[in-house]
Amino acid sequence: MSSEKTMIVVEKLCKSFAGVPVLSNLDASFNKGEIVSIIGPSGAGKSTFLRCLNLLETPDSGRILIDGVDSQEMDVRKLRMKMGMVFQQFNLFPHLSALENITLAPRSLLKLSKAEADELGSELLEKVGLAGKEWAFPKELSGGQQQRVAIARALAMKPEIILFDEPTSALDPTMVNEVLGVIRSLAYEDGMTMAIVTHEMRFARDVSDQVFYMDQGVVYESGAPEVIFESPVRPRTRAFIRRVDTFSFDIFEDNFDFYRFDAKIDDFAMKHLLDHERRETLVDLCENLFDNFFFMFTKRISFTIGVTEEKDVELRFAYKGEEVNPLTADINSDEPVDKFTAVRLLTKSVILNTSSRATYTRQGDDYVLELLIPREQKRRA
Ligand SMILES: Nc1ncnc2c1ncn2[C@@H]1O[C@H](COP(=O)(O)OP(=O)(O)OP(=O)(O)O)[C@@H](O)[C@H]1O
Ligand SMILES: [Mg+2]
């Protein structure tokens, strides 16, 4: 992983709070001059990851190498000078003016004279579009302006890396763009390495060199923004990007309880306002697949149902066992149709009657059938 361009390497980073793991063997690497957006569901560990990077949290185990040096062995102050951070809540000192907020650290840590620090502070205020606001106090500034002061304050330490933790999510929507605009302009400056936790997908897509999708304490998938936003490979990334709300449970042949299954689908369908007819189609389809297909090959199926924002329904059936792809079933007129081929053919026709997309793949140890049931239902032929 070590190339000339690699700046930060994170290896098997673990962090728990009260015994609950939040980061679990997280691996990642950032190149020098790269803009990395970190996206993912709430609770995935994004903030904790950033906080571990600049040692606001102490990792339980694992390593963070910055330019090849283990961060645990670095002086915390030196590390934070190299790595600035901008928070959701600005965290400006309320009793100091904008300029004083910016010049405090350069004066005490970089030992700049007052004149030098003030000159730097004014330049930075201009850079973030706040020329003339030197003497304004935080309470006299809008949220967007306060956040821009916070960005100027981070820049004043001339960091090589800036970490942003949801820099726009505490802002009134009318102020999001002015702050994103400032971050965007920094991104185009040479040499700045940035990691940005954000829910602003369009921004992440435009500005990033790399996107990390975090889920359950790891960087679950990473790649170029086009790949992550258009054709992510892994299922949870796909669900997140397409905003599929999913619900999973295991189905066991031994005690398959149709009424219970029906009730669960019902709850899910109600939650997503699916009409009665669609609910019936789903229940019929699943029952048919379980009884006439899956239970012939397996005793246990991991079942997931998901609904996209467009109200398409996605079904996923994963099982361990034989590879039995119904989608490739075909009639060869020269040979009598055996029982398994008959089952596959029947299943294929059930799928084709209901689904607009169907795939059968191997994923890890599982065989997985995935179906997309479009909002506009196919009418049975
Ligand atoms: N100091 C702490 N003490 C106890 N639990 C914590 C602490 N910090 C974070 N957690 C827990 O760790 C988990 C991950 O939190 P984290 O803030 O890193 O997630 P996140 O991905 O940033 O989420 P969000 O998008 O909501 O900001 C959460 O369940 C949170 O409650
Ligand atoms: Mg967070």
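The structure contained in this document is the topic of the report that follows. Worth saying up front: this structure is predicted, and the values here are computed from it rather than measured.

1. A look at the packing of helix α4 (residues 114–127) against helix α5 (residues 143–156)
Then step 1. Following both chains from N to C, one finds α4 and α5 inclined at 135 degrees, their axes separated by 9 Å at the closest point. With respect to α5, the element α4 is oriented oblique. Crossing hand, α4 versus α5: right-handed. When α4 is examined against α5, the residues Leu120, Leu124, Leu125 and Lys127 are found in contact with a partner set consisting of Val149, Ala152, Leu155 and Ala156.

2. Examining the nonpolar core
Then step 1. Ranked by internal contacts, the top residues of the largest apolar core, which has 37 residues, are Val149, Ile151, Phe164, Ile183 and Met194.
Then step 2. Broken down by secondary-structure element, the contributors of at least two residues to this core are α3 (98–108), α4, α5, β7 (161–165), α6 (173–187), β8 (193–197) and α7 (201–207).
Then step 3. Looking at this core, the element that brings in the most residues is α6, giving 8 residues.
Then step 4. Grouped together as the second largest cluster of nonpolar side chains are 34 residues, Ile301, Phe317, Val324 and Ile351 included.

3. Side note on the site of ligand 1
Then step 1. Near ligand 1 the following residues occur: Phe17, Val22, Pro41, Ser42, Gly43, Ala44, Gly45, Lys46, Ser47, Thr48, Glu166 and His199.
Then step 2. Within the backbone of Ala44, an N or O atom sits 3.2 Å from an oxygen atom of ligand 1.
Then step 3. Contacts to ligand 1 include Glu166, whose side-chain N or O atom sits 3.4 Å from an oxygen atom.
Then step 4. Examining the composition of the shell around ligand 1, we find that 3 residues originate from one element, helix α1 (residues 46–53), more than from any other.
Then step 5. A per-class count over the shell around ligand 1 returns 4 nonpolar, 6 polar and 2 charged.

4. Re the pattern of salt bridges
Then step 1. Considering all chains together, one arrives at 22 salt bridges under this definition.
Then step 2. For Asp206, the salt bridge goes to Arg184, with nearest N and O atoms at 3.5 Å. Residue Asp206 is found in helix α7, and its partner Arg184 is found in helix α6; the two are separated by 22 residues along the sequence.
Then step 3. You can call Asp206 partly exposed: its relative accessible area is 42%.

5. A look at the sheet that holds strand β3 (residues 35–39)
Then step 1. Here 6 strands make up an open sheet; going across it, the order is β6-β7-β8-β3-β9-β10 and the pairing mixed. Each edge of the sheet is formed by a strand with only one pairing partner; in this case those strands are β6 (83–86) and β10 (218–223). Here the strands of the sheet are splayed against their neighbours by 20 degrees on average, with no regard to which way each runs.
Then step 2. Sheet topology note: the β3/β8 ladder contains 4 bridges and is parallel. Paired with Val36 across the strands is Ala195, a residue of β8.
Then step 3. Each of β6 and β7 touches α5; the most contacted strand, β6, lies at about 170 degrees to it.

6. Notes on the sheet that holds strand β2 (residues 20–31)
Then step 1. Within the open sheet, the 4 strands sit side by side as β2-β1-β4-β5. Their pairing is antiparallel. Two strands close off the open sheet at either side, each with one partner strand: β2 and β5 (69–70).

7. Structural notes on the side chain of Ser208
Then step 1. With respect to the helices, strands and loops of the structure, Ser208 is situated in the loop between α7 and β9 (210–215).
Then step 2. Ser208 gets classed as buried once you look at its relative accessible area, which sits at 8%.
Then step 3. Polar side-chain contacts of Ser208 include one of 2.6 Å to the side chain of Ser37.
Then step 4. At a separation of 2.4 Å, a polar atom in the side chain of Ser208 contacts the main-chain carbonyl oxygen of Ala204.
Then step 5. Excluding its chain neighbours within four sequence positions, the residues that come into contact with Ser208 are Ile35, Ser37 and Pro225.

8. Let's talk about the side chain of Thr304
Then step 1. Tracing the sequence through the fold places Thr304 in strand β12 (residues 300–307).
Then step 2. In terms of polar contacts, Thr304 uses its side chain to reach the side chain of Ser248, at 3.0 Å.
Then step 3. What Thr304 contacts, discounting residues up to four positions off in sequence, is Thr246, Phe247, Ser248, Glu314, Leu315 and Arg316.

9. Considerations on α6
Then step 1. Compared with an ideal rise of 1.5 Å per residue, which puts 15 residues at 21 Å, α6 spans 22 Å between its outermost C-alpha atoms and is within 8% of the ideal.
Then step 2. For α6, the full list of buried residues reads Met175, Val176, Val179, Leu180, Val182, Ile183, Leu186 and Ala187. Buried residues of α6, viewed axially, fall in a sector of 155 degrees; they line one side. Exposed residues lying more than 90 degrees from the buried face of α6 are Thr174 and Asn177.
Then step 3. Of the surrounding secondary structure, the elements contacted by the buried residues of α6 are β3, α4, α5, β7, β8 and α7.

What counts, and where the lines are drawn
- Residues numbered from 1 in each chain as written.
- Chains lettered and ligands numbered in written order.
- Predicted model: local features only at pLDDT ≥ 70, side-chain atom pairs only at ≥ 80, totals over all residues.
- Heavy atoms only, no water.
- Axes fitted to C-alpha atoms, helices over the stretch in contact; angles between N-to-C directions.
- Helix = DSSP H or I, 4+ residues; strand = E, 2+ residues; numbered from the N terminus.
- Parallel < 35°, antiparallel > 145°, perpendicular 65-115°, else oblique.
- Left-handed = near helix turned anticlockwise from the far one by under 90°.
- Contact = heavy atoms within 4.5 Å.
- Core = buried A, V, L, I, M, F, W, Y, C linked by side-chain atoms within 4.5 Å.
- Buried < 20%, exposed > 50% of the residue type's maximum accessible area, 1.4 Å probe, protein only.
- Near = heavy atom within 4 Å.
- Polar contact = N/O pair within 3.5 Å; in protein donor to acceptor, adjacent residues only side chain to side chain.
- Nonpolar A, V, L, I, M, F, W, Y, C, P; charged D, E, K, R; others polar.
- Salt bridge = Lys/Arg side-chain N within 4 Å of Asp/Glu carboxyl O.
- Pairing = 2+ DSSP bridges.
- Expected span 1.5 Å × (residues − 1).
- Arc of directions from axis to C-beta.

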